[in-house]
Amino acid sequence: MRIVFTGGAVATVDGHDTEHDTGHVVVDGGRIVAVGAGDAPDSVAGKRIDTRGCLVTPGLVNAHHHLYQWAYRGLATDSTLFEWLVTLYPAWTRMDADVVHAASVAGLARLALTGCTTSTDHHYLFPAGRGDLFGAGIAAAAQVGLRFHPTRGSMDRGTSDGGLPPDEAVERTDDILAATAEAIERYHDPRPDAMLRVGVAPCSPFSVSSRLLADSAELARRYGVRLHTHLAETSDEERQCLAEHGCTPTEYLEGLGWLGGDVWFAHTVHLSAENIKRLAATGSATAHCPSSNARLGAGTSPVRELLDAGTPVGLGVDGPASNEDGGLVTELRQAVLTARGRGGPTAMRIREALRLATMGGARCLGRADDIGSLEVGKLADVAVWRIDDLAHADIADPVAALVLGAAPAVDTLLVGGDPVIEHGSLRTVSAADASRALARQAARMREGVDR
Ligand SMILES: [Zn+2]
């Protein structure tokens with residue numbers, strides 16, 4: 001069906017940052033067929049949506065998440081990353097497919113209501129005999145209607161091998177590689193309009209073996225899928241890596257074949273100037289997670305330096321157990337404030353924050369040709385934000401309303417031309433039902449956890 005957005009402001013995030021105070025966007029057959037200044041001509045047929053009082057942008061792209069953690073919010077609230085992990089691992093090892101499904105529906109619904117049309121997920125815990133955990137997240141994404149890039153995560157290094165997670169939370173290396181190959185063969189869709197693509201994502205240098213890292217990179221390249229992991233999140237990680245391997249986490253991963261244009265990392269907080277150079281030279285991308293990093297006191301990613309070096313940078317919510325908000329639009333404001341707090345008033349422009357959350361995320365996920373901007377030929381992933389309410393009305397700059405103002409309500413959200421939100425409400429799932437299902441599962445998982 002042809003849909004015509006007309007009458008409101010448009011920020012395209014194309015190569016020239018083209019914006020229209022009054023503009024139009026026309027979508028048809030799942031793709032964008034026209035974008036321009038002024039109202040859409042009357043001759044353009046289709047369902048017309050009046051966007052006066054709104055800002056139209058590309059749908060946001062979330063480049064790092066752990067959806068299952070929606071069931072584990074509000075725990076270990078004043079801890080470092082390692083303390084927080086050690087508190088939560090036992091509860092995580094009790095998860096099953098019902099928890100993952102309820103948490104994923106709720107978490108993806110929250111993402112949709114904050115303007116996200118494409119999300120990745122990094123699921124790295126697969127306790128034996130608990131059902132199809134990877135499939136549960138995929139089923140949830142199909143229900144909510146978001147474009148989904150789940151990664152088959154993994155851990156094979158428990159405490160008895162010098163790792164951080166308990167032994168019952170990890171899998172055998174060969175089992176991981178077999179299950180990862182199976183997930184790719186079953187679910188990965190390489191077509192340009194894909195709603196579902198699978199990546200490979202061993203969890204972090206301190207929870208996986210060197211062999212799993214090297215073999216995962218080889219496996220991903222054999223299948224032509226993307227590679228993802230946590231990198232240089234905390235100074236604890238850096239200290240451990242220096243002690244064990246005599247090099248920084250970035251150097252360690254480079255030695256295992258992990259830098260390249262098919263890789264995106266989460267966090268990259270603790271980087272030397274040389275590390276930044278290597279990330280940029282190899283085209284390795286990074287997902288900046290400013291709220292999670294601040295919540296855990298992990299430090300601040302040198303985003304200005306990464307961008308200046310030419311590294312693709314996206315924005316990530318990260319797991320809601322370390323970012324209880326779980327929404328994506330709030331990360332734009334957090335990214336700007338964090339960057340300026342660290343590097344001064346010129347460290348990030350507000351339009352750069354919008355670019356990180358759209359084209360930056362698309363580059364992390366290898367989808368820059370398909371999504372991330374409002375341009376003719378791209379997939380019809382569109383967010384329409386209300387900026388005529390008390391919190392935003394009459395603001396001079398609509399992009400400032402989105403990035404610096406209170407998080408605006410999403411009036412309409414399209415994924416591939418299909419409505420996920422209409423008139424401010426989810427059309428695909430019931431928010432009330434999702435909350436109730438999640439509450440049941442979260443209460444079960446929290447039993448016995450020392451808050
Ligand atoms: Zn993470």
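The present account deals with the structure reproduced in this document.

Rules used throughout
Residues numbered from 1 in each chain as written. Predicted model: local features only at pLDDT ≥ 70, side-chain atom pairs only at ≥ 80, totals over all residues. Heavy atoms only, no water. Helix = DSSP H or I, 4+ residues; strand = E, 2+ residues; numbered from the N terminus. Rg over C-alpha atoms; globule rule 2.2 N^0.38 Å. Buried < 20%, exposed > 50% of the residue type's maximum accessible area, 1.4 Å probe, protein only. Contact = heavy atoms within 4.5 Å. Disulfide = S-S within 2.5 Å. Polar contact = N/O pair within 3.5 Å; in protein donor to acceptor, adjacent residues only side chain to side chain. Expected span 1.5 Å × (residues − 1). Arc of directions from axis to C-beta. Pairing = 2+ DSSP bridges.

## Some points on the overall build of the protein chain
In step 1: The helix and strand tally for the protein chain stands at 14 helices and 17 strands.
In step 2: Relative to its length of 451 residues, the protein chain is compact, with a C-alpha radius of gyration of 21 Å against a globular reference of 22 Å.
In step 3: Principal-axis analysis of the C-alpha atoms places the extent of the protein chain at approximately 70 × 45 × 40 Å.
In step 4: Classification of the 451 residues of the protein chain by burial places 61% in the buried group.
In step 5: The contacts of the protein chain with a sequence gap of at least 6 include a subset with a gap of at least 24, amounting to 75%.

## Some points on the state of the cysteines
In step 1: Taken as a whole and judged by the stated rule, the model has zero disulfides.
In step 2: Between C203, a cysteine without a disulfide, and C289, which holds the nearest cysteine sulfur, the sulfur-to-sulfur distance is 13 Å.
In step 3: Residue classification places C203 among the buried positions, given a relative accessible area of 6%.

## What about unusual backbone geometry?
In step 1: At A76, a position not held by glycine, the phi torsion is positive, near 50°.
In step 2: Tracing the chain through its elements places A76 in the loop between strand 6 (60-62) and helix 1 (81-92).
In step 3: Although it is not a glycine, A232 adopts a positive phi angle of roughly 55°.
In step 4: As for its placement among the helices and strands, A232 is situated in the loop between strand 10 (227-231) and helix 6 (235-245).
In step 5: With relative accessibility at 1%, the residue A232 sits in the buried group.

## Digging into the side chain of R157
In step 1: Position of R157 among the secondary structure elements: in the loop between strand 8 (147-154) and helix 4 (173-187).
In step 2: Overall, R157 belongs to the buried group, its relative accessible area being 12%.
In step 3: Engagement of the side chain of R157 in a polar contact is seen with the backbone oxygen of D161, the distance being 3.3 Å.

## A look at helix 14 (residues 431-446)
In step 1: Between the first and last C-alpha of helix 14 there are 22 Å, a value that for 16 residues agrees with the 22 Å anticipated at 1.5 Å per step.
In step 2: Considered for burial, the residues of helix 14 that qualify are A434, L438, Q441, A442 and M445. Burial along helix 14 is one-sided: seen end-on, the buried residues are contained in an arc of 105°.
In step 3: Considering only its buried residues, helix 14 is in contact with helix 1 and helix 2 (97-113).
In step 4: Just downstream of helix 14, G448 is the residue with a positive phi angle, here 85°.

## Section: the pairing of strand 5 (residues 54-58)
In step 1: Counting buried positions along strand 5 yields five of five residues, so the element is predominantly enclosed.
In step 2: When strand 1 (residues 3-11) meets strand 5, the two strands line up parallel, connected through two bridges. Within strand 5, the residue paired with A9 across the bridge is L55.
In step 3: Bridging between strand 5 and strand 14 (residues 382-386) involves five bridges; their strand directions are antiparallel. Residue T57 lies in a different strand from strand 14, and its bridge partner there is A383.

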